[in-house]
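Here are the chains, one letter per residue:
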Amino acid sequence: MFYLQPESFCARREDTPKMSVASLKCPVQDRSSAAGVEGEACRVGRRNTRRGIMAATTSPSNSFIMVDKPLKRHPSKDPQYRPGSSATSYAHDWSSTGTAGGIRLQGRHFVDGYGRVCNLRGVNLSGSCKTPVNHTNEDWPEDPKIVTFVGRPFPLSEAHEHFSRLRRWGLTFIRFLVTWEAIEHEGPGIYDQAYLDYLRELLSLLPKYGISAFISMHQDVWSRYSGGSGAPAWTLEAAGFDLDNLEETGAAWLAGMRGGGHSDMERGLWPTGYHKLAASTLNTLFWAGDTFAPKLKAKDDVPIQQFLQNTFLGSWEVLVRAVGDLEGVLGFQMMNEPHRGYIDLKSMYSFDYNTELHISHIPSTIQSFQLGAGYPTLVPTWTRSFPMPTKQTGHTLLNEGKKKAWKEDGPTKGQCLWEMHGVWGWCKTKKQAVVLRENYFVKHPISGEKIEWYTDYYYPFMQKWASVVLKASTPDKILFVEAIPNEYCPTSWTEEYRIPNMVYAPHWYDLNSLFNKSFGEFSVNVQGLSRGMFPLKAFYWGHKGARDNFSLQIRTLTEEAYKSLGDIPVLFGECGIPMDMNKGEAFVTEDFIWQKRMMDAMLTGLDRSLVGFNLWNYNPDNTDEEGDQWNGENFSWFSQRRAMPNFLLEYEQTSPHLDGGGRILDAVVRPYPAKVAGIPLEFNYEMMNGEMSFTWQVPEGKGENEFGTHETEIFFPSLLVSGRKLLLEAQVDLSGYDYDDESELVRKLQALTKKKFAYTYDEKRQTLFVVPKDNSPGTKHSIRVKVWPPIRPVFNLNDFWSDFGIWVGAVAVVIVAVFMAIVIGLFSERMGFA
């Protein structure tokens, strides 16, 4: 996860205008007006010569792009077919059996062997993978060479329980987290074979549960030893850092690793580490050490960039060779939330308040250099405030002990790396650090050419990584990538910079709630504010407002990606909510109403944008008191301590025993169209009554757009249906029918539904199988699925007008009355009546 500096404004909510399904032209992108976004026509038709993909037009039927691989034929193509009778798989089964041979990419969609569009939903497994099994806050830092990650995210003996639970909840697409440290913690080229064996044994179990996963190399703030997670400790030592002095010199914020990050003084501070000396330096060296630090050499006189990148790719290669052939491993992600370090740094004297987190002690870049070199420095101190998120409240003297962040016996011989390269120097007269090359990280130090992180460093390395991974596994593995968190997909990501089998996997969090650890009736579009949105448009009230706010932000990120990348799938690799919001009061009251409301608003936004996602996170080690046990985070809506003992569990999909430990399941466990024999156009789920609506269309034309099946599979959870009846209705216009008897109207709707669809619901498989009667090209299908009796509302679906409309109306009446009285008085006076 990564934070922008949120802003807080009081403003009027701007309601989101609605748009009919019939007006849609291109899935997701042309629905921009539904969220109040000024979208533009679909930028499709780009030819991907690397993958041989055919061009698309702007119509919904032709936005589905087929590849050369032949489709399998499903029994539903036969007129006598009974829905659900063809196989023993289920809607959320992503195994080879459940997908007719596996998942692949077609245009901006994931598809199965029948050509059906697959809606992949799941979790990050798990936040616990950031730290080793033998990590404790009290004993940190331990000997970095003897850590072990065997058993992360959970021991093999617990796999049956956790995988069964995720299957019951329909969250069967996993973003599986590993770290570079877990693989290569002992030293460069020394790999933890026991951990690799554990991974293979665990991931080989996935198909049994219908689960598919992509493996993400996770990092935050570079490493645990610089305040986050990811890289081994020896990478910092290779750069010349003294691990024992990073905290005192202000080179890293480590209190969250040592104390857990649970106190108000520690809450949410870990992202500030991205801009401190250690993490900024290592990120700069990793991407561009040849450019900015050519004097720094690693072991055997190897340039530092080459050393870091080669060891990173070496870990990737052994990882892929260990698990890349497994059926359950769909693909890989190079790096979680990459960061550019100092590259393209605009000023060494200050940070951008709107885009970089300011809280606690925030030294500027030049102050970081000075502190790391052993000079005590007075730095600004920021605290939380209102209405602005933070304000500078004073200064704090750091590094009074005159420690150095650089090892005397390291490669820099105790000198600051950036002083060694002439970026700054110490002025004996002024007794302070002086910047000597202000534009050092903006332009190439030798050629003077403008530097651009994405095109000069990120894209080229990504292509090198893709080559290593696909060579070590198979060419059909899917590769997930992301930009810097909270940035729109860069427009520079043109075709020549893309990699094969590419999926764009950004992250989204409500930054205002993350920063304040609170959520209520008021929500703010921080994403819009940071990009110049008029403040009065950024305020939303009530649950309807939160849904519209989150939908707008998620849809904007999605559409910006399509504008830049064209027909490449988008899937949100991380999205989640803090469980300890509002000072953790829900842990005491057991009333998680605000967590439910926030989760529903977020998932509604994802539903409306028709994108898959991985929720952050499913963490068996989560507890109410300690959270996810990393830097004070508490995002897991599952806690093993709240679950039933595993010897009491039943493991079938219909077993409610598995729901123990889940805290907001009525918001998390939701129906969704999993495998669609057509192009999804619109999907909505209303958790207030358990009703979903879905519209899809059979592609126009023949040949390349023909599906291998007519059957659509919808995940509809047993948690909602158990003890109720599931009903499917065709969404048709009955306004032209003149019926006085409502029951007669219901019978007519049932007759029309049977005329349009054949369907069946299998609760044991939690799957609604739907086969339209008319599957001719261009046909649009719309259904409404609900349970009877309906779900009892969990909370009020309110907005500004439902809460304050009567008061606004009353004030308006008073204002009008006063105005009329004044007018009448003036008129009477003018006419001589007064």
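Residue positions are given per chain, counting from 1 as you read along its sequence in written order. Restriction of local features to residues with pLDDT of at least 70 applies here, the model being predicted, together with a cutoff of 80 or more for giving and counting side-chain atom pairs; totals for whole chains, interfaces and linings are based on all residues. To get the side-chain values, all heavy atoms of the structure are used, and hydrogens and water are removed first.

Describing the nonpolar core
Among soluble globular proteins, nonpolar side chains are generally buried collectively.
Item 1. Among the nonpolar cores identified, the biggest contains 202 residues, and Trp 418 and Trp 637 are the most heavily contacted of them.
Item 2. Think of it this way: any DSSP run of H or I at least four residues long counts as a helix, any run of E at least two long counts as a strand, and we number them from the N terminus. For this core, the leading source of residues is helix 10 (residues 453–472), giving 12 residues.
Item 3. The contact criterion used is simple: two residues touch if any of their non-hydrogen atoms lie within 4.5 Å. In this structure Trp 418 touches Leu 277, Thr 281, Thr 284, Leu 285, Phe 292, Ala 293, Tyr 342, Phe 369, Val 423, Trp 424, Tyr 440 and Phe 441, once residues within four positions along its chain are discounted.
Item 4. Residues belong to a common nonpolar core when they are buried Ala, Val, Leu, Ile, Met, Phe, Trp, Tyr or Cys residues joined through side-chain atoms within 4.5 Å. Only protein chains enter the accessibility calculation, which uses a 1.4 Å probe; a residue is then buried when its area is under 20% of its type maximum, exposed when over 50%, and partly exposed in between. Core analysis: the second largest hydrophobic core is formed by 6 residues, Leu 177, Tyr 509, Leu 514 and Phe 635 among them.

A few points about a nonpolar patch on the surface
Item 1. A patch consists of residues exposed above 30% relative accessible area that lack any salt bridge, with like charges linked at up to 9 Å and nonpolar side chains (Val, Leu, Ile, Met, Phe, Trp, Tyr) linked at up to 5 Å. The Shrake-Rupley method, run with a 1.4 Å probe sphere, supplies the accessible areas, and residue values consider only the shown protein chains as cover. Here, a salt bridge means any Lys or Arg side-chain nitrogen found within 4 Å of an Asp or Glu carboxyl oxygen. A grouping of Trp 801, Phe 804, Ile 806, Trp 807 and Val 808 is seen on the molecular surface, where their side chains present a nonpolar patch of about 570 Å² in accessible area.
Item 2. Mapped onto the elements, Phe 804 comes out in helix 19 (residues 800–831).
Item 3. Given a relative accessible area of 32%, Phe 804 falls into the partly exposed group.

Some points on the UniProt feature "transmembrane region" (unreviewed entry) in the protein
Item 1. UniProt positions are given in the numbering used here, feature names are shortened, and annotations may be inferred rather than shown by experiment. Annotation from UniProt places "transmembrane region" (unreviewed entry) at residues 804–827.
Item 2. Helix makes up 100% of residues 804–827 and strand 0%, whereas the separation of the span's terminal C-alpha atoms amounts to 34 Å.

Focus on helix 19
Item 1. In a helix, the anticipated span is given by 1.5 Å times the number of residues less one. The terminal C-alpha atoms of helix 19, which comprises 32 residues, lie 43 Å apart, in line with the 46 Å expected from a rise of 1.5 Å per residue.
Item 2. To get the bend at a residue, fit one axis to the 7 residues ending there and another to the 7 starting there, then take the angle between the axes. Remark: the principal bend of helix 19, roughly 35°, maps to Ile 806.
Item 3. Under the rule applied, a polar contact is a pair of N or O atoms within 3.5 Å (in protein, one hydrogen donor and one hydrogen acceptor; residues adjacent in sequence only if both atoms are side-chain atoms). At the N-terminal boundary of helix 19, the capping side chain belongs to Asp 799, with an oxygen 2.9 Å from the backbone nitrogen of Ser 802.

Quick look at helix 10
Item 1. Look at helix 10: 27 Å from first C-alpha to last across 20 residues, which is about the 28 Å you get at 1.5 Å a residue.
Item 2. Largest kink in helix 10: about 25°, centred on Tyr 459, with the proline Pro 460 one to four residues after it.
Item 3. For helix 10, the N-terminal cap is Glu 452; the gap from its side-chain oxygen to the backbone nitrogen of Tyr 454 is 3.0 Å.

Things to note about the environment of Leu 371
Item 1. Take Leu 371: it is sitting in helix 8 (residues 365–372).
Item 2. For the pair Leu 371 and Glu 248, spaced 123 residues apart in sequence, the C-alpha to C-alpha distance is 9.0 Å.
Item 3. The residues contacting Leu 371, other than those within four sequence positions of it, are Thr 249, Pro 363, Thr 377, Val 379, Leu 398, Asn 399 and Lys 403.

Re unusual backbone geometry
Item 1. Following Trp 616, the chain continues into Asn 617 via a peptide bond in cis, with omega recorded as -5°.
Item 2. Among the structural elements, Asn 617 can be located in the loop between strand 19 (612–615) and helix 16 (665–668).
Item 3. Between Trp 788 and the following residue, Pro 789, the backbone shows a cis peptide bond with an omega angle of 0°.
Item 4. With respect to the helices, strands and loops of the structure, Pro 789 is situated in the loop between strand 27 (780–788) and helix 19.

Here's the deal with the sheet that holds strand 2 (residues 109–111)
Item 1. Read from one edge of the open sheet, 7 strands run 1-2-3-20-23-26-25, paired in antiparallel fashion. At either end of the open sheet lies a strand with only one pairing partner, and these are strand 1 (104–106) and strand 25 (757–762).
Item 2. Pairing between two strands requires that DSSP report at least two bridges joining them. Sheet topology places strand 20 (residues 672–676) next to strand 23 (residues 712–715); 3 bridges connect them, and they run antiparallel. Residue Pro 673 lies in a different strand from strand 23, and its bridge partner there is Ile 714.
Item 3. The sheet contacts of helix 18 (residues 742–756) involve strand 25 and strand 26 (767–772), and relative to strand 25 the element is tilted by about 95°. Axis definition: a line fitted to C-alpha atoms, limited for helices to the stretch in contact. Angles are taken between N-to-C directions and run from 0 to 180 degrees.

As for the packing of aromatic side chains
Item 1. Stacked, tilted and edge-to-face pairs are distinguished by plane angle, under 30 degrees for stacked and over 60 for edge-to-face with tilted covering the rest, among Phe, Tyr and Trp rings (Trp via its six-membered ring) whose centres lie within 6.5 Å. Overall, the coordinates contain 61 aromatic pairs when judged by the stated rule.
Item 2. Their ring planes at 65° and their centres at 4.8 Å tell us that Trp 453 and Tyr 454 sit as a pair that is edge-to-face.
Item 3. The buried category is assigned to Trp 453, whose relative accessible area is 1%.
Item 4. Residue Tyr 454 is classed as buried on the basis of its relative accessible area of 3%.
Item 5. Note on Trp 696 and Phe 757: the rings are 6.3 Å apart at their centroids and 40° apart in plane angle, and the pair reads as tilted. Of this pair, Trp 696 sits in strand 22 (residues 691–697) while Phe 757 sits in strand 25; the two residues are 61 residues apart in sequence, bridging distant segments of the chain.
Item 6. For Trp 696, a relative accessible area of 1% gives the class buried.
Item 7. What makes Phe 757 buried here is its relative accessible area of 4%.
Item 8. Criterion for a charge above a ring: Arg CZ or Lys NZ at most 6 Å from the ring centre, at most 35 degrees from the ring normal. Arg 384 extends its terminal NZ or CZ atom over the ring of Phe 515, reaching a point 5.0 Å from the ring centre.
Item 9. Here Arg 531 stacks its cationic end above the ring of Tyr 488, 4.0 Å away from the centre of that ring.

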